[in-house]
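# Descriptive structure summary
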Amino acid sequence: MKIESVEALLGCVGKRNQLLVKVVTECGIVGWGESGLSNREHAVIGAIQHFAGFLKGQDPRKIGRIWQELYRSHYFEGGRVITAAISAIDIALYDILGKSLQVPVYQLLGGKQREHIACFACCYTEADPDKFDDLVKEAKALIALGWTTIRVIPSRFDDPVIFEPQESITRTARCLNELRKVLGPDITLGIDYHHRLSVAEAASFCQRLKPDTLDFIEEPIRHESPDAYKTLRTLTHIPFAIGEEFSSKWAAKPYIEQGLTQYLRVDVCNIGGLTEAMKVAGWAEAHYIDVMPHNPLGPVCTAATNHFAAALPNLGLMETHQGPFSEFGAHDPLLFPKQHVLTGNKFAIPEVPGLGVEVNEAAFRLATPVETEAPHLSKRDGSHTNW
């Protein structure tokens, strides 16, 4: 079996673009992958086009060797753009291998360790005192539908222009303390701060919370400095959920080995595909760290993440944006007529060869991509801050 072509396809699905990779073999098997570097898709397409030339004619079953060649075949190895491209290609190769062997991808990762993949719910109402009633309404509706873990977003999160951290942390802390009183002790409650805080701001936020308010805080600060997280770890008892930005095992290394995160937010579409994700998850298992997969994209990402999650002994919960209040529209059945289906708060894994996703390629090619850019946020003094 040999690779005949590798092609990047960019289209808008719902409110966001999706970057898919199509790998075709000479015997006609098609594999699909997805890249996770949102809003920088054109850079990833360039990397995929570089790779396509020397991938042609290679045996797609040599997944590990191909990964090494993609990562190490030039002097400036690695980086988010490169590993986002590798991720999509790697996932597509697993899809091909599963189809060629007539087995689901999870069988190639060691087999299923569970019969379904439990997810946490994303709450889209800001945790702000002025929106408290709406937040409670949304959270209670999720609980009534069977969700037991809910992740919220902070005050001022949706402002597309201004984010003032101090304003956000004071209002968010007040709101969460009250939310815990309303929801009671049995619901697992987390928050995603989307790396918008400094060490001091994150510590201040955590210290404003009552001891039983939060079960985890996701990405409170940027991850480039493990020493900064080491400092923050000494200033709060709240478990951390870190890792969706990691683009290699080397980025994950200090967070695993130094105990800087309690949940590892592996993103199979950014870290280097299933090949790299399984290595990092195994490393986390040795340190008793649960994996909480990041899954913010479309059906191909969801399928790959489900197979990854099915094979893990140390799975926590998986992210999904297919809950009842999501408006992303990323799983359009017209574009993806076969895909993994969320039932209640969990996914079953389709017992079909490969990933278990079918792409309506003709329709996807007509889904014109939109020109998008993440908000460029500023503080009130005009200085730039993180989105």
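Residues numbered from 1 in each chain as written. Predicted model: local features only at pLDDT ≥ 70, side-chain atom pairs only at ≥ 80, totals over all residues. Heavy atoms only, no water.

With respect to topology, 3 strands assemble into an open sheet ordered 1-2-3, the strand pairing being antiparallel. Both outer strands of the open sheet, strand 1 (3–13) and strand 3 (30–35), are each paired with one neighbouring strand and no more. Between one strand axis and the next, the sheet turns through 25 degrees on average, direction left out of account. Sheet analysis places strand 2 (residues 16–25) next to strand 3, joined by 6 bridges and oriented antiparallel. Bridging across to strand 3, L20 finds its partner in E34. Most of the contacts of helix 3 (residues 80–101) go to strand 3, to which it runs at about 150 degrees, and overall it touches strand 1, strand 2 and strand 3. Sheet strands touched by helix 11 (residues 299–310): strand 2 and strand 3. Its angle to strand 3, the strand with the most contacts, is close to 95 degrees. (Pairing = 2+ DSSP bridges. Helix = DSSP H or I, 4+ residues; strand = E, 2+ residues; numbered from the N terminus. Axes fitted to C-alpha atoms, helices over the stretch in contact; angles between N-to-C directions. Contact = heavy atoms within 4.5 Å.)

Glancing now at the nonpolar core. Counting 119 residues, the largest nonpolar core has V152 and F205 as the members making the most contacts within it. Of the residues forming this core, the biggest block, 12 residues, is contributed by helix 3. Excluding anything up to four places from it in sequence, V152 contacts C123, A127, L135, L176, L179, L189, G190, I191 and D192. Judged by nonpolar contacts, the second largest core, of 5 residues, contains F120, C122, F216 and A241. (Core = buried A, V, L, I, M, F, W, Y, C linked by side-chain atoms within 4.5 Å. Buried < 20%, exposed > 50% of the residue type's maximum accessible area, 1.4 Å probe, protein only.)

Now for unusual backbone geometry. A positive phi is found at N39, a non-glycine position, where the angle reads about 70 degrees. Tracing the sequence through the fold places N39 in the loop between strand 3 and helix 1 (41–55). We classify N39 as partly exposed; its relative accessible area is 21%. Look at E219: it is not a glycine, yet its phi comes out positive at around 45 degrees. Its location among the elements puts E219 in the loop between strand 7 (216–218) and helix 8 (226–233).

Interhelical geometry of helix 2 (residues 63–72) versus helix 3 gives an angle of 165 degrees and a closest axis separation of 10 Å. Relative to helix 3, the element helix 2 is oriented roughly antiparallel. Here helix 2 and helix 3 pass one another in a crossing that is right-handed. The segment helix 2 lies against helix 3, with I63, I66, W67, L70 and Y71 engaging I82, T83, I86, I89, D90, L93, Y94 and L97. Split into classes, the residues belonging to the contact of helix 2 with helix 3 amount to 11 nonpolar, 1 polar and 1 charged. (Parallel < 35°, antiparallel > 145°, perpendicular 65-115°, else oblique. Left-handed = near helix turned anticlockwise from the far one by under 90°. Nonpolar A, V, L, I, M, F, W, Y, C, P; charged D, E, K, R; others polar.)

With that settled, the discussion passes to the pairing of strand 4 (residues 116–127). Burial analysis of strand 4 places 9 of its 12 residues in the buried class, the great majority of the element. When strand 4 meets strand 11 (residues 318–319), the two strands line up parallel, connected through 2 bridges. In the strand pairing of strand 11, C119 is matched with M318. Sheet analysis places strand 4 next to strand 5 (residues 149–154), joined by 4 bridges and oriented parallel. By the bridge assignment, C122 is partnered in strand 5 with R151. In this fold, the crossover linking strand 4 to strand 5 by way of helix 5 (residues 132–144) has right-handed handedness. (Right-handed = clockwise from strand over helix to strand, strands pointing away.)

These figures capture arrangement, not role.
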